[in-house]
Structures are given as structure tokens and as C-alpha cells.
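What follows is the residue order along each chain.
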Amino acid sequence: MSADAVIRMPNETKGIMLRGHPMVFLVTGEDTKHTSMFDWTIPAGFATGLHVHRVQEETFYLLEGECEWHVGDKTIRAIPGTYLFIPPGVPHNITNVSQKSARVLMTVSPPGHEHYFEELAKLAAKGAPDPRALADLRDRYDTDQLSSLTARA
């Protein structure tokens, strides 16, 4: 079985807007059975809140800006060039602690998490998402939220 190579030129991007900032889908479940990869621009002050994945593993490589991760019992003040691998079952969050946008290269394995971000963007475009709709979305995409989205730890 042969697969096609995936080549994304800067002016040929696909993805979504989250809080007014792009998340570019570099490779998705449409392209591979192993991983998804995103170029995520994170707004200043944005925080994911503490969460955990039961199955998914994630990697992050900070390209621009300054972010703070809580991973298990560690706090990492990340600068460009910082890399994190987060296996399933490890509570974590990411907060852009700077006054500027940050950019990370992010992978999620297995693929499919791009659909989570697509649905999240649709919910967020309508204003503050309904907590039940958000909880349902997270449950369907292997995300157990442990704190509010604005919590730093």
C-alpha cells in the first residue's frame, strides 16, 4: 500500500481560527494513521486549564514566545526551543504567559484531535460555549478537564 506525501506550502494552509489566532493543520487523520501535527498560534494570556488524556500522547515544541506548562508535578517556563513529550495519563496545561502570541508545533497521536479543534472553534465562534456541550466534546475526544480553562495550575 502506497500513500501520498503531504506537502503544505505557507500559502496553502488548512486549519481553523481559535480566539482569533490560527491553528494550521499540517498533517491529520486524512493523511496518516499515526499522528496529527499542528502549528498553533496561542493568544497572550490563553490557558488550556489542567487536563489529562487517557489514550493520546502529545508533543510540543515552542517556536516563538514564552509559555508555562504544568506537567505532572513540574512547572516548566518554556522559551523557544523547549520540547515537551506528554504521555497519556499525565495531567498538564499550557499558558501563554507573555504579552505576545506564542507559536508551538504540536503533535497528537493517534490522529483525529483535529476534529476536536474544529468543533471547539465552532462552539467558541458562538461566544462562551455551553458547559455541557464543552464537556461532551472533551469526553468524545479523550480529554478530562481537571480545572477551568483560565486556571494556571
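These numbers were taken from a predicted model, which means no experiment stands behind them.

Peer 1: What is the right way to read the pairing of strand 1 (residues 15–18) from this model?
Peer 2: Every other side chain in a regular strand lies on the same face of the sheet, so the side chains alternate between the two faces. Sheet analysis places strand 1 next to strand 2 (residues 21–27), joined by four bridges and oriented antiparallel. Directly across from Ile-16, in strand 2, lies its bridge partner Met-23. The loop that links strand 1 with its antiparallel partner strand 2 comprises two residues; one of these, Arg-19, has a positive phi angle of about 50°.

Peer 1: Would you mind showing me how to read the packing of aromatic side chains here?
Peer 2: Given two aromatic rings, their pairing is described by the distance between the two centres and the angle made by the two planes. Summed over all chains, the structure comprises seven aromatic pairs. With a centroid separation of 5.3 Å and an interplanar angle of 75°, the aromatic rings of Tyr-116 and Phe-117 are classed as edge-to-face. Judged by its relative accessible area of 9%, Tyr-116 is buried. These aromatic residues form a ring-pair network of at least three members: Phe-25, Phe-38, Trp-40, Phe-46, Tyr-116, Phe-117 and Tyr-141.

Peer 1: Sorry if this is basic, but what is going on with the pattern of salt bridges here?
Peer 2: Opposite charge on two side chains permits them to pair, given that their charged atoms come into close proximity. A complete count under the given rule lists eleven salt bridges for this structure. Among the salt bridges present, the one from Lys-14 reaches Glu-30, with a minimum N-O distance of 3.4 Å. On the criterion of sequence distance, the pair formed by Lys-14 in the segment before strand 1 and Glu-30 in the loop between strand 2 and strand 3 (36–42) is long-range, its members being 16 residues apart. Exposure remark for Glu-30: the relative accessible area of 66% places this residue in the exposed category. Taking the shortest distance from any N to any O, the salt bridge between Arg-140 and Glu-119 comes out at 2.8 Å. One end of the pair, Arg-140, is in helix 2 (residues 131–140); the other, Glu-119, is in helix 1 (residues 113–125), and 21 residues separate them in sequence. The exposure class of Arg-140 is partly exposed, given its relative accessible area of 44%. What makes Glu-119 partly exposed here is its relative accessible area of 27%. When salt bridges with common partners are traced through the structure, they connect Asp-39, Glu-64 and Arg-103 into a single cluster.

Peer 1: Help me understand the sheet that holds strand 1, please; the structure alone is not making it clear to me.
Peer 2: Within a sheet, each strand pairs with its neighbour through backbone hydrogen bonds, oriented either parallel or antiparallel. Read from one edge of the open sheet, six strands run 1-2-3-10-5-8, paired in antiparallel fashion. The sheet is open, and its two borders are formed by strand 1 and strand 8 (83–86), each paired with just one other strand. Each neighbouring strand pair of the sheet contributes to a mean axis angle of 20°, computed without reference to strand direction. The strands that helix 1 touches are strand 1, strand 2, strand 3 and strand 10 (102–109); relative to strand 1, the one it contacts most, it runs at about 45°.

Quick notes on the rules
Residue numbers restart at each chain and count upward from 1, following the sequence in its written direction. In keeping with the predicted nature of the model, local features appear solely for residues at pLDDT of at least 70, side-chain atom pairs appear and are counted solely at 80 or more, and the whole-chain, interface and lining totals rest on all residues. Remark: hydrogens and water are excluded; side-chain values derive from all non-hydrogen atoms of the structure. Strands are labelled as partners when DSSP assigns at least two bridges between them. Numbering of helices and strands starts at the N terminus; helices are DSSP runs of H or I of at least 4 residues and strands are runs of E of at least 2. Ring pairs are drawn from Phe, Tyr and Trp, using the six-membered ring of Trp, whenever the two centres fall within 6.5 Å, and their geometry is named by plane angle: stacked under 30 degrees, edge-to-face over 60, tilted for the rest. Each residue gets one of three labels from its accessible area relative to the maximum for its type: buried under 20%, exposed over 50%, partly exposed in between, using a 1.4 Å probe on protein chains only. Salt bridge, as used here: a side-chain nitrogen of Lys or Arg that lies within 4 Å of a carboxyl oxygen of Asp or Glu. An axis is simply a line fitted to the C-alpha atoms; with a helix, the fit covers only the stretch in contact. Between two such axes, the angle follows the N-to-C directions and lies from 0 to 180 degrees. Whether two residues are in contact is decided by their heavy atoms: any pair within 4.5 Å suffices.

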